[in-house]
Every structure is written in C-alpha cells, then in structure tokens.
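A closer look at the structure
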Amino acid sequence: MPLYSIEGIDGTGKSTLVAALGFELERRGVDALVLREPGGVETAERIRELVKDPGLAVSDRTEALLYAAARAQLIEERVRPALKAGRTVLLDRFVDSSLAYQGGGRELGVDAIGALNRFATGGLVPDRTLLLSLDPDVAAARAVSRGEAPDRLEQAGSEFYARVAEAYARLAAAEPDRIRVLDASGTPQQLLAAALTALDIRAGDPDGTPTRRR
C-alpha cells in the first residue's frame, strides 16, 4: 500500500492537513495509519523531546543524527509493518524534512544528509509527497500566532528558514513526479481539496482507494 508524506516549513498548516487527510482517507474506507516525525514510537518520541528542547546544546551534526535515528526506529516498529499489512501510511514529515532543515538550513549538505537517511530508512521513499508552500515570513507569523513557546528549530531565525524553503523548492524541482507543491496560503478546506486531488483521491471514487505512484 502507499506511503505518503506531508512537508513544509513550520506554520504552513502541515499538521492540520495531515489530520484532515487521515480523517478523509478513513471516511473513504482506506485503512490509514497517521504518524508524525520525529515520534510515533517511544524511542522516537524521546528523541523528539531532545531535539526540540531550547535549553539543550545540540550541534548541527548531532541534530541530523538524532532525526535519522528516530526515523529508523519509526520505520522498523511501525511503518514497514503497516505497509506489509496492506495499510496506507501518512507521515507528518519524512526524509525531505532532514534534507531541507539539516541539509539546507543547517548547511550540512543535501547529499550528506541524503546518504545518512538512505541508511536510516533502508531506501524507503514515499509514493507521493505533498509540499506546502508559503512565504517564510507569513509562515513564521502563523507559528507565532499559535501562542506556543518556540522550540530549538523555531528559534533559528529568518535566514535559516529562508534556506530551508529554498532547499525544499530545489527538492521539488528535482522530483516533480513525487513531490507536488501546494499553495498553503488559502483556507484549510482549500488546502485539503488540493491535497486530495494531488493524491488522486476523488470524491466520486467508490472506495476512495488512492492510486499508488512510484
């Protein structure tokens, strides 16, 4: 069954879209498993606490390694078993996040981070990735409006997020068949409709089963 990932800088509405897509897939009779990164299993959730804690000193390379470790554990415990069992898996972030945030934003190099994550994932690649596109300044304002204390990454500054957005754009340009760019400036309902179209899920489908693409 297919593996989908949702990507974008903080504040684009990514997590809201993931929840809505999970609901819509289930409503259409699709056995969907929704997971977040880093997280989804106990080991990865503990790593999530480390990498997001603004009070900890975490080097850029350590950060990249921690994200890859969390990802490897999530795949081992939940993603591969779910796919093997015939379930659709929907991920709130996946490898492209590391390529953009650590490869681009931290300037560690997309190729180096890609090699690290190919090892971590065993070469697992989403069938379709939705990249939510929004001006970094607008996204930052949305994130602030949530009223939550910023985590380590959210404290990285505007130049960091500009590099992340640029890296995402390069990834999308390099893999247009897999990565579909969606305008995240509209309403959540508009974004959901665009996402369903990008995943080839139509309202008239009798069982709502998504079309698998490689």
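Please refer to the structure placed before this passage.
Below is a short write-up of the structure. Please read these numbers as outputs of a predicted model, since none were measured by experiment.

The rules behind the values
- Residues numbered from 1 in each chain as written.
- Predicted model: local features only at pLDDT ≥ 70, side-chain atom pairs only at ≥ 80, totals over all residues.
- Heavy atoms only, no water.
- Helix = DSSP H or I, 4+ residues; strand = E, 2+ residues; numbered from the N terminus.
- Rg over C-alpha atoms; globule rule 2.2 N^0.38 Å.
- Buried < 20%, exposed > 50% of the residue type's maximum accessible area, 1.4 Å probe, protein only.
- Contact = heavy atoms within 4.5 Å.
- Areas by Shrake-Rupley, 256 points an atom, 1.4 Å probe, with all protein chains shown as cover.
- Lys, Arg positive; Asp, Glu negative; His and termini not counted.
- Charge placed at Lys NZ, Arg CZ, Asp CG, Glu CD.
- Phe/Tyr/Trp six-rings, centres within 6.5 Å; stacked < 30°, edge-to-face > 60°.
- Core = buried A, V, L, I, M, F, W, Y, C linked by side-chain atoms within 4.5 Å.

Of the regular secondary structure elements, the chain holds 8 helices and 5 strands. When its helices and strands are written in sequence order, the chain yields β-α-β-α-α-β-α-α-β-α-α-β-α. By the compact-globule yardstick of 17 Å for 214 residues, the chain fits well, its C-alpha radius of gyration being 16 Å. Judged by the C-alpha coordinates and their principal axes, the chain covers about 50 × 35 × 30 Å. Looking at the chain residue by residue over its 214 residues, the buried ones come to 49%. Within the chain, counting contacts between residues at least 6 apart in sequence, those at least 24 apart form 80% of the total. Accessible surface, the chain as shown: approximately 10,300 Å² in total, 53% of it carbon and sulfur. Of the side-chain charges in the chain, 28 are positive and 32 negative, and the distance between the mean point of each set is 4 Å.

Before going further, it helps to examine the packing of aromatic side chains. Applying the stated criterion across every chain yields a total of 4 aromatic pairs. Seen in terms of ring centroids, Y101 and Y161 are 6.0 Å apart; in terms of plane orientation they differ by 90°. Their pairing is edge-to-face. Highlighted residues: Y101 in helix α4 (residues 95–105) and Y161 in helix α7 (residues 158–174), separated in sequence by 60 residues. One exposure class covers both Y101 and Y161, and it is buried. Ring-pair connections join several aromatic residues into one group, and the members of that group are Y101, F160, Y161 and Y168.

This next bit is on the nonpolar core. The biggest cluster of nonpolar side chains holds 59 residues, and the ones touching the most others in it are L21, V79 and Y101. If you tally residues by element for this core, the top one is helix α3 (residues 60–84), at 9 residues. If we ignore the near neighbours within four places in the chain, the residues touching L21 are I6, L90, L130, L192, A195, L196 and L199.

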